[in-house]
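Residue strings, one per chain:
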Amino acid sequence: MKVEVSATQFNPWACLQDYEYTALEHGKYGALANFVGTMRDYNQGDTVQKMYLEHYPGMTEKYLLKISKTAMQRWDILDTLIIHRVGEIQISDTIVLVAAWAGHRAPAFDACRFLIEELKHNAPFWKQETLTDKMRWVESN
């Protein structure tokens, strides 16, 4: 189980490969389900130029570990990985990577969906968007 909050851009595919080779026992998993979220150029009907993501250091990582442990207890999965960006984020930057490894696809899918939904709705992150003519805090999701 690994969680990371990073202020620097990351390659989700390289992170998945690195984690598989360093943390997982080969031959034990038959499924990997993952979600990669990227910065889009619109939200709530407006054009977005960039975003600034804030978090509560320590508390955010603790929450991400909590939901990872919950997923490990709820589903028959072998491991999880969550990496989330903070700071200034540009259009098309990767924001989040969530992954779950399991012996079979069903628990991997279920755990991955749980992780991203819990993270999006409850993790202590705050988004400030820069629009064409103003800045705003995102209040939902």
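First, a word on scope: everything that follows refers to the structure included in this document. Here the structure is a predicted model, which means the values were calculated and not measured. (Residues numbered from 1 in each chain as written. Predicted model: local features only at pLDDT ≥ 70, side-chain atom pairs only at ≥ 80, totals over all residues. Heavy atoms only, no water.)

Take unusual backbone geometry next. Here Gln44, not a glycine, exhibits a phi torsion of approximately 50°, which is positive. Within the secondary structure, Gln44 is located in the loop between strand 3 (42–43) and strand 4 (46–55). For Ser92, which is not glycine, the phi torsion reads 80° and is therefore positive. The topology assignment puts Ser92 in the loop between strand 6 (87–90) and strand 7 (94–102). (Helix = DSSP H or I, 4+ residues; strand = E, 2+ residues; numbered from the N terminus.)

What follows covers the packing of aromatic side chains. If you walk through the whole model with that rule in mind, you get 2 aromatic pairs. Taken together, a centroid distance of 5.4 Å and an interplanar angle of 40° make the contact between Tyr19 and Trp101 tilted. Of the two residues, Tyr19 sits in helix 1 (residues 12–23) while Trp101 sits in strand 7, which places them 82 residues apart along the sequence. Each ring, one from Trp75 and one from Phe114, has its centre 5.3 Å from the other, and the planes form 50°; the classification is tilted. With Trp75 in the loop between helix 2 (59–74) and strand 5 (77–85) and Phe114 in helix 3 (residues 105–122), this residue pair connects regions lying 39 residues apart in the sequence. Residue classification places Phe114 among the buried positions, given a relative accessible area of 12%. Above the ring of Tyr42, the side-chain terminus of Arg40 is found at 5.2 Å from the ring centroid. (Phe/Tyr/Trp six-rings, centres within 6.5 Å; stacked < 30°, edge-to-face > 60°. Buried < 20%, exposed > 50% of the residue type's maximum accessible area, 1.4 Å probe, protein only. Lys NZ or Arg CZ within 6 Å of the ring centre and 35° of its normal.)

Within the secondary structure, Leu53 is located in strand 4. Owing to a relative accessible area of 2%, Leu53 belongs among the buried residues under this scheme. Each C-alpha atom, one on Leu53 and one on Glu88, is 6.5 Å from the other, the two residues being 35 residues apart in sequence. Sequence-distant contacts of Leu53, defined by excluding residues within four places in its chain, comprise His84, Arg85, Val86, Gly87, Ile89, Ile95, Phe125, Trp126 and Lys127. (Contact = heavy atoms within 4.5 Å.)

This paragraph deals with the pattern of salt bridges. Taken as a whole and assessed by the stated rule, the structure comprises 5 salt bridges. With a shortest N-O distance of 3.4 Å, Glu88 and Lys50 are connected by a salt bridge. Of the two residues, Glu88 is situated in strand 6 and Lys50 in strand 4; the sequence distance between them amounts to 38 residues. Overall, Lys50 belongs to the partly exposed group, its relative accessible area being 29%. Of the charged contacts in the structure, one is a salt bridge between Asp93 and Arg85, with a shortest N-O distance of 3.6 Å. Comparing Asp93 with Arg85 shows no difference in burial state: the two are buried. Taken together, the shared-partner salt bridges in this structure form one network comprising Asp46, Glu129 and Arg136. (Salt bridge = Lys/Arg side-chain N within 4 Å of Asp/Glu carboxyl O.)

What follows is about helix 2. Relative to the 22 Å expected for 16 residues at 1.5 Å per residue, helix 2 spans 22 Å between its end C-alpha atoms, a close match to the ideal helical length. Buried within helix 2 we find Thr60, Tyr63, Leu64, Ile67, Ser68 and Ala71. Buried residues along helix 2 cover an arc of 135° about the axis, so they all sit on one side. Set apart from the buried face of helix 2 by more than 90 degrees, the exposed residues are Lys62, Lys66 and Gln73. Where helix 2 is buried, its residues contact strand 1 (2–6), strand 4, strand 5, helix 3 and strand 8 (125–131). (Expected span 1.5 Å × (residues − 1). Arc of directions from axis to C-beta.)

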